[in-house]
Amino acid sequence: MDIGIASMRYAKALMEYAKSMGAEDTLYKEFCMLDRSFRKHPDLRMALENPILTIREKLTLICTAAVGDAPAGREFARFMTLVLKNRRENFLQYICLSFLDLYRKDKHIGVGKLITAVPVSQEVRERIHDSASSLLHASMELQTEVDPSIEGGFIFDINDFRLDASIATQLKKVSFIDSPSIVTSFIKNVNTTLIIAKRKITVLKISNIQLGNFSLFICIFVFEVLFSDFIYPPKK
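Rules used in this analysis
- Within each chain, residues carry numbers counting from 1 in the order of the written sequence.
- It should be noted that, the model being predicted, local features are given only for residues of pLDDT at least 70 and side-chain atom pairs only at 80 or more, the latter also being counted only at that level, while totals for whole chains, interfaces and linings use all residues.
- As a rule here, side-chain values come from all non-hydrogen atoms in the structure, and water together with hydrogens is ignored.
- Salt-bridge detection follows one rule: a side-chain nitrogen of Lys or Arg within 4 Å of a carboxyl oxygen of Asp or Glu.
- The helix count covers DSSP runs of H or I at least four residues long, the strand count covers runs of E at least two residues long, and both are numbered beginning at the N terminus.
- Note on classification: 1.4 Å probe, protein chains only; a residue is buried when its accessible area is under 20% of the maximum for its type, exposed when over 50%, partly exposed between these limits.
- The convention used is that axes are lines fitted to C-alpha atoms, helices contributing only their stretch in contact, and that angles between N-to-C directions extend from 0 to 180 degrees.
- Any angle that is under 35 degrees is reported as roughly parallel, and any over 145 degrees as roughly antiparallel; angles of 65 to 115 degrees are reported as roughly perpendicular and all others as oblique.
- Handedness of a crossing is defined here by the sense of rotation of the near helix relative to the far one, left-handed for an anticlockwise turn of less than a right angle and right-handed for a clockwise turn.
- Note on contacts: a residue pair is in contact if any heavy atoms of the two residues lie within 4.5 Å.
- Residues belong to a common nonpolar core when they are buried Ala, Val, Leu, Ile, Met, Phe, Trp, Tyr or Cys residues joined through side-chain atoms within 4.5 Å.
- Under this definition, polar contacts are N or O atom pairs within 3.5 Å; protein pairs additionally need one hydrogen-donor-capable and one acceptor-capable atom, and for neighbouring residues in sequence, both atoms have to be side-chain atoms.
- DSSP-based pairing: two strands are paired if at least 2 bridges between them are found.
- By this rule, a helix spans an expected 1.5 Å times one less than how many residues it contains.

Trainee: If you had to explain the pattern of salt bridges to someone new, which residues and values would you point to?
Mentor: This structure, assessed with the given rule, holds eight salt bridges. Between Lys107 and Glu24 there is a salt bridge; the shortest N-O distance is 3.6 Å. Of this pair, Lys107 sits in helix H6 (residues 92-107) while Glu24 sits in helix H2 (residues 24-40), placing them 83 residues apart in sequence. On the basis of relative accessibility, which here comes to 13%, the residue Glu24 falls in the buried class. Linking Lys105 and Asp101 is a salt bridge whose minimum nitrogen-to-oxygen distance equals 3.3 Å. Separated by four residues within a single helix, Lys105 and Asp101 lie in helix H6, roughly one turn from each other. Assessed through its relative accessible area of 57%, Lys105 is described here as exposed. For Asp101, a relative accessible area of 33% gives the class partly exposed.

Trainee: Explain the packing of H2 against H6 to me, and be specific about the residues and the numbers.
Mentor: Following both chains from N to C, one finds H2 and H6 inclined at 135°, their axes separated by 9 Å at the closest point. In terms of orientation, H2 and H6 fall into the oblique class. Remark: the crossing between H2 and H6 carries left-handed chirality. Where H2 abuts H6, its residues Glu24, Asp25, Leu27, Tyr28, Phe31, Cys32, Leu34, Asp35 and Phe38 lie against Leu92, Gln93, Cys96, Leu97, Phe99, Leu100, Tyr103, Arg104 and Lys107.

Trainee: Lay out the environment of Lys113 in plain terms, naming residues and giving numbers.
Mentor: Mapped onto the secondary structure, Lys113 falls in strand S1 (residues 109-116). Its relative accessible area of 29% is what places Lys113 among the partly exposed residues. For the pair Lys113 and Thr144, spaced 31 residues apart in sequence, the C-alpha to C-alpha distance is 5.7 Å. If we ignore the near neighbours within four places in the chain, the residues touching Lys113 are Gln143, Glu145, Ile155, Phe156 and Asp157.

Trainee: Account for the nonpolar core, naming residues and giving values.
Mentor: Residues Phe31, Leu34, Ile62, Phe76, Phe79 and Met80 are the most contacted members of the largest nonpolar core, which totals 33 residues. Put simply, the parts of the chain that give this core at least two residues each are helix H1 (3-21), H2, helix H3 (43-48), helix H4 (55-67), helix H5 (74-85) and H6. Looking at which element gives the most residues to this core, the answer is H6, with seven residues. In this structure, Phe31 is in contact with Leu14, Phe76, Phe79, Met80, Cys96, Phe99 and Leu100, ignoring residues within four places of it in sequence. Among the nonpolar cores identified, the runner-up in size contains 11 residues, and Leu114, Val124, Ile158 and Ala165 belong to it.

Trainee: An account of the side chain of Ser166 is requested, with residue identities and associated values reported.
Mentor: For Ser166, the location among the structural elements is in the loop between strand S4 (161-164) and helix H8 (167-172). A polar contact of 2.7 Å, which involves the side chain of Ser166, links it to the side chain of Asp164.

Trainee: Go over the sheet that holds strand S2 (residues 139-146), please, and point to the residues and values.
Mentor: Strands sit in the order S2-S1-S3-S4 across an open sheet of four strands; the sheet is mixed. Edge positions in the open sheet fall to S2 and S4, since each of these has one partner strand only. Taken over all neighbouring pairs, the strand axes of this sheet differ in orientation by 15° on average, direction set aside. Sheet analysis places S1 next to S2, joined by eight bridges and oriented parallel. In the sheet register, Thr116 faces S2, and the bridge partner there is Val146.

Trainee: Please provide a residue-by-residue account of the pairing of S1, values included.
Mentor: Taken across its eight residues, S1 has seven buried, putting it largely inside the fold. Note: S1 against strand S3 (residues 154-158), five bridges, orientation antiparallel. Each bridged residue has a counterpart across the sheet, and for Ile115 the counterpart in S3 is Ile155.

Trainee: Can you lay out H6 for me, pointing to particular residues and giving the numbers?
Mentor: Relative to the 22 Å expected for 16 residues at 1.5 Å per residue, H6 spans 22 Å between its end C-alpha atoms, a close match to the ideal helical length. Turning to H6, its buried residues are Leu92, Gln93, Ile95, Cys96, Ser98, Phe99, Leu100, Leu102, Tyr103 and Arg104. A positive phi of about 55° marks His108, the residue just after H6.

So this is what it looks like as structure tokens:
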């Protein structure tokens, strides 16, 4: 059986059930934590696929990964029991991602990930989050990550769109002749990206921005907010 198709079927069934019970928000929080556990602990999936563990032991493991020491919700526990009885624990991570995707589409929520060479201030983070939500009449979940290897600038991912304004990427596009030419080429590349982005957003404004244009709009907005602050990390 195709994992993607089977996982989506389970996720859709759970979403319909959750709505009928008014438990979709609680389930979303539990699945968000479960998703983080899967990503943070790759061995979790291996443990669930271990045939030696009983259904009860696997259920306890899943609930701990989703809610910690707190009691899992009734709907969550019942669904996980069904998955385990049907021997679909190897689909669980995909089911989790499918459910999160369905919920976010239903609630008009976008998920963005901002990668910078230095930590982002809370003020900038809140500005991106609040302004984007207000402009698009949609919610947004913003994740931040520090990756010194990008040297400076930033990378912003949202849905299937990526805006890469990192120094590491820009330096790969220039010829290493001398230091001044590198800096000039970098600035030229970034400025060109900004000009193109502004032209695109102008078109979107004229055509009335919808959620379908969410990715491009937010990436451009983040570019303008962070351009002056994160082109080069502050010197220590």
